[in-house]
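Letter by letter, the chains look like this.
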Amino acid sequence: MASLSLKHIEKIYENGYHAVHDFNLEVEDKEFIIFVGPSGCGKSTTLRMIAGLEDISEGEFLIDGVKMNDVEPKDRDIAMVFQSYALYPHMTVRDNMGFALKLRKVPEAEINAKVEEVAKILDLEKLLDRKPKALSGGQRQRVAMGRAIVRNPKVFLMDEPLSNLDAKLRVQMRTEIAKLHERLGTTIIYVTHDQTEAMTLGTRIVVMKDGIVQQINSPEHLYNKPCNLFVAGFIGSPQMNFLDAVVEKKGTDTFLKVADFEIKLPADKAEAVKDYDGKTVVMGIRPEHLLDGRGKEAEQCVVKAPVEVRELLGAEAYLYFSLDGKQCTARVASDVDLTVGMEGTFAIDMNKLQLFDKETEKSLLWAE
Amino acid sequence: MERNTMAYKSKQFLMFAGPALILFCMVIIIPFLYGLFLTFTSWDGVSAEKPFVGFANYVSAFKDAYFWSAIGRTLIYSAFAVVFVNVVAFLLAYMVTSGVKGQNFFRAGFFIPNLIGGIVLGYVWKFVFNRAFVAIGEAISGGTTPSLLSTTGGAMFCLILVSVWQYAGYMMLIYVAGFMSVSDSLKEAAMIDGCTPSQAMRNVTIPLMRTSFTTCIFLSITRCFVVYDVNLSLTKGEPFFSSVMAAMHVYNKAFTYKDYGTGQAEALILFIVCAIVGITQVYVSKKGEVEA
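Residues numbered from 1 in each chain as written. Chains lettered and ligands numbered in written order. Predicted model: local features only at pLDDT ≥ 70, side-chain atom pairs only at ≥ 80, totals over all residues.

A. Representation of the overall build of chain B in the model. Per the secondary structure count, chain B includes twelve helices and zero strands. In sequence order, chain B lays out its α and β elements as α-α-α-α-α-α-α-α-α-α-α-α. In terms of overall dimensions, chain B is more spread out than a globule: its C-alpha atoms have a radius of gyration of 24 Å, far above the 19 Å expected for 292 residues. Out of the 292 residues in chain B, the part that is buried amounts to 33%. In chain B, the proportion of contacts linking residues at least 24 apart, taken out of those at least 6 apart, comes to 72%. (Helix = DSSP H or I, 4+ residues; strand = E, 2+ residues; numbered from the N terminus. Rg over C-alpha atoms; globule rule 2.2 N^0.38 Å. Buried ≥ 20, exposed ≤ 12 C-beta atoms within 10 Å, placed from the backbone. Contact = placed C-beta atoms within 7 Å.)

Written out as structure tokens, the structure reads:
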């Protein structure tokens, strides 16, 4: 297994397009790193640079301290699982999985033993003599994983490996990948645009936008302490609610004025906006931190609005309402008896409230 | 009108497929059947009478040593031409899909010989072999240099060379489509698995291009088997009838020697040989094709 080091990595294409800006990351042995971000943010490009499928324009990439910039992909001792699985259609599952070992001139008996061992882990034993076209999406995905595992590489690279699967299978395979990481104890770099995958799988997450790293940290940290509006909005589902709020100081207390409601800030949050008196900031609150606030009006942390849509998900329900012209979502227990048209009273969990500068979009509470 | 009735379905079928069906019958089926009928007559190609002679024309065709030597020659010519056409076309396709600068220009350039008719192509190359190469040879050696077309082996070599020049560009386009159909991610997976470029080509790209190979080999076999225009304009079957291909022999038999019935029977035998070789090749190649 291995540690990786990416120092000031840049990717500039021949046409001048700057895909990745000053990417820095130290990956420890056995880490599960997730690159997450919207389409075109440079996450796949960075992964491909690590794989050696794209040239690195500037910067240094090292595996175990050895510079890899000009090393051929085959000599980097990495394995990659592609979004399309990239299984060789003319080969059986067994041949697909053993192909890399065959190229290394590993004895056939050893290849067979290794393939069968991995097939057992991935429950592919009965499929070894089939060709990829005779497999379902989930089975193909497992073969692609198996092909990577058989090689016992230093690093696993995975480029959106679950995005072609249906929702149910995706959840199942997500668990499989997590178990596999636990079992193999390998260094994995995983690209996805799905923040749920990122949150559930990663030991650390790299959030990217427009080729620039926004924040690198653990899933919990990114969820609780996002460093800017983008990270706050990208991590978490449903997305965090953002509302413009004017800071008002009244004596020793500090309030946020949102629409017609005044919300009293706790001391630590008041301290963060002490220089913003009379100015507008962006208040962020996750749907799960908007609670049924009936009877809590005295706490000066409630907003009220009629419920426009109610979506029942089983154990919980999403309530959609508008505040100050912006749509907001509250995630409440399904037994909360608020239905469409009823006036909802939503209490804000003040400990979870996020505050951002409206101009710079940076967090006023946490710096990365 | 009720949509489920036979009359409605027939009308629909005739409306869409009728014109093509009529044309196909007029230019393929009827002439073929008429040709088949003529093989059983001793028609001279001119007179109104077509005396029925049974299988006499086939007996005559099987006894025609010149015909069988022309078939043998065609087989040798086809074997060489098919191999070289496909090797050259494959290499050209590899070159013009490798990201070389001006690859679209090269694609168009290599395809152009296919646009020139065989007759014109034959005369152009005849000039090149008889004049240009001879002049170059004489300038280098200082003595008299015979044209390649004047020797028996040379004429065959020239025919193969011109055929390669004529067909390689066309086949190249099919191979280009084959190269482009192989997903980049498969090539990248091969690189990561440890393939060198040549191993990736051998183990991944070529096996996935079998459809292109099947098509190109079938097309080149069928074209080479019935080569006539280049044969006529480049060598005219000379020297000493050493480059008379099967199609030229059939033509001469029917129209020059006015033995229309035997010529027609030989044409049918040529068709059957060509069909057997072509279909066998397609059958064998198709068995190994894979769907992605």
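B. Molecular detail of the overall build of chain A. In terms of regular secondary structure, chain A is built from nine helices and 21 strands. Viewed in the frame of its principal axes, chain A has a C-alpha envelope of about 80 × 45 × 35 Å. Here chain A, with 368 residues, has 42% of them falling under the buried criterion. Summarising the internal contacts of chain A: among those between residues at least 6 apart in sequence, 66% fall at separations of at least 24.

C. How the structure looks around the sheet that holds strand E10 (residues 212-217) of chain A. Residue and element names in this part refer to chain A. Spatially, the six strands line up as an open sheet ordered E6-E7-E8-E3-E9-E10, and their pairing is mixed. Every other strand in the sheet has two partners, leaving strand E6 (78-81) and E10 as the edge strands with one partner each. Here the strands of the sheet are splayed against their neighbours by 15° on average, with no regard to which way each runs. Two strands pair when backbone bridges link them, and E6 and strand E7 (residues 155-159) are joined in this way by four bridges, in the parallel orientation. The partner of Ala79 across the bridge, within E7, is Phe156. (Pairing = 2+ DSSP bridges. Axes fitted to C-alpha atoms, helices over the stretch in contact; angles between N-to-C directions.)

D. Highlighting the domain arrangement of chain A. All names here are of chain A. Looking at the assigned domains, one finds that chain A contains domain 1 (4-234) and domain 2 (241-357). Distance from the C-alpha centre of domain 1 to the C-alpha centre of domain 2: 39 Å. Every contact between the two is made by four residues of domain 1 and, on the other side, five residues of domain 2. Looking at the side of domain 1 that touches domain 2 residue by residue, the class counts come to three nonpolar, one polar and no charged. (Domains from an automatic or database assignment. Nonpolar A, V, L, I, M, F, W, Y, C, P; charged D, E, K, R; others polar.)

E. View of helix H12 (residues 260-287) of chain B. Residue and element names in this part refer to chain B. The terminal C-alpha atoms of H12 lie 40 Å apart, and with 28 residues this matches the ideal 40 Å at 1.5 Å per residue to within 8%. Within the sequence span of H12, burial applies to Tyr260, Gly261, Thr262, Gly263, Gln264, Ala265, Glu266, Ala267, Ile269, Leu270 and Cys274. Considering only its buried residues, H12 is in contact with helix H1 (6-38), helix H2 (56-63), helix H3 (65-96), helix H9 (210-225) and helix H11 (246-256). (Expected span 1.5 Å × (residues − 1).)

F. Representation of the nonpolar core. Judged by nonpolar contacts, the single largest core of 169 residues is most densely connected at A:Leu157 and B:Ala89. Among the elements that line this core, the one with the most residues is helix H6 (residues 152-181) of chain B, at 13 residues. Residues lining this core come from more than one domain, with at least three contributed by each of domain 1 (4-234) and domain 2 (241-357) of chain A. If we ignore the near neighbours within four places in the chain, the residues touching A:Leu157 are A:Leu47, A:Ile50, A:Ala51, A:Ile78, A:Met80 and A:Ile189. (Core = buried A, V, L, I, M, F, W, Y, C linked by C-beta atoms within 7 Å.)

G. Main features of unusual backbone geometry. Residue A:Pro238 follows A:Ser237 across a cis peptide bond; omega there is 0°. If you trace the backbone, A:Pro238 turns up in the loop between helix H8 (229-234) and strand E11 (241-250). The linkage connecting B:Glu238 with the following residue, B:Pro239, adopts the cis geometry, with an omega of -5°. With a phi angle near 50°, A:Asp210 is a residue other than glycine that sits in the positive phi range. Checked against the element boundaries, A:Asp210 lands in the loop between strand E9 (204-209) and E10. A tally of 15 C-beta atoms within 10 Å means that A:Asp210 is categorised as partly exposed.

H. Focus on the confidence of the model for chain B. A residue-level look at chain B finds 98% of positions with pLDDT of 70 or above and a mean pLDDT of 90. Interface confidence in the predicted complex, given as ipTM, is 0.84; pTM for the same model is 0.81. (pLDDT = per-residue confidence, 0-100.)

I. A look at the interface of chain B and chain A. With 17 residues of chain B at the contact, the number on the chain A side is 18 residues. Taken together, the residues of the side of chain B that touches chain A break down into ten nonpolar, four polar and three charged.

J. Region of the structure containing the pairing of E9(A). All names here are of chain A. Of the pairings in the sheet, the one linking strand E3 (residues 32-36) to E9 comprises four bridges and is parallel in character. Within E9, the residue paired with Val36 across the bridge is Val207. In textbook terms, the turn of a hairpin is the stretch between consecutive antiparallel strands, and for E9 and E10 this stretch comprises two residues, one of which, Asp210, has a positive phi near 50°.

K. Structural view of the sheet that holds strand E12 (residues 253-258) of chain A. Residue and element names in this part refer to chain A. Here we have five strands laid out as an open sheet, ordered E13-E12-E11-E14-E21, and antiparallel in their pairing. Where the open sheet ends on each side, the last strands, each with one partner, are strand E13 (261-264) and strand E21 (354-357). For this sheet, the mean angle separating the axes of adjacent strands, direction not counted, is 40°.

L. Quick look at helix H8 (residues 197-208) of chain B. All names here are of chain B. For H8, built from twelve residues, the straight-helix expectation of 16 Å at 1.5 Å per residue is met to within 8% by its first-to-last C-alpha distance of 15 Å. Ala200, Asn203, Val204 and Leu208 are the residues of H8 that are buried. All buried residues of H8 lie within an arc of 100° about the axis, which places them on one face of the element. Along H8, exposed side chains directed more than 90 degrees from the buried face belong to Ser198 and Arg202. On its buried face, H8 sits against helix H7 (184-193). (Arc of directions from axis to C-beta.)

M. Local environment of the environment of B:Ala93. Residue and element names in this part refer to chain B. Examined against the element boundaries, Ala93 turns out to sit in helix H3. Of the residues examined, Ala93 has 26 C-beta atoms within 10 Å and is grouped as buried. Spatially, the C-alpha atoms of Ala93 and Glu2 are 53 Å apart, while their sequence positions differ by 91 residues. Not counting residues up to four positions away in its chain, the partners in contact with Ala93 are Met172, Tyr175, Val176 and Phe179.

N. Summary view of the environment of B:Tyr170. Its place among the elements puts B:Tyr170 in helix H6. Overall, B:Tyr170 belongs to the partly exposed group, with 19 C-beta atoms counted inside 10 Å.

O. Fine view of the environment of A:Arg174. All names here are of chain A. With respect to the helices, strands and loops of the structure, Arg174 is situated in helix H5 (residues 167-184). Its 19 C-beta neighbours within 10 Å are what place Arg174 among the partly exposed residues. Arg174 sits 27 residues away from Leu201 along the chain, and the two C-alpha atoms are 7.4 Å apart. Once residues within four sequence positions are removed from consideration, Arg174 is found in contact with Leu162, Glu197, Thr200 and Leu201.

P. Examining the packing of H3(B) against H9(B) more closely. Residues and elements named next belong to chain B. Between H3 and H9, the shortest axis-to-axis distance is 9 Å and the interhelical angle comes to 140°. Crossing handedness for the pair H3 and H9: right-handed. Across the interface between the two elements, Thr74, Tyr77, Ser78, Ala81, Val82, Val85, Asn86 and Ala89 of H3 pack against Cys216, Ile217, Ser220, Ile221, Cys224 and Phe225 of H9. Taken together, the residues of the contact of H3 with H9 sort by class into ten nonpolar, four polar and no charged. (Left-handed = near helix turned anticlockwise from the far one by under 90°.)

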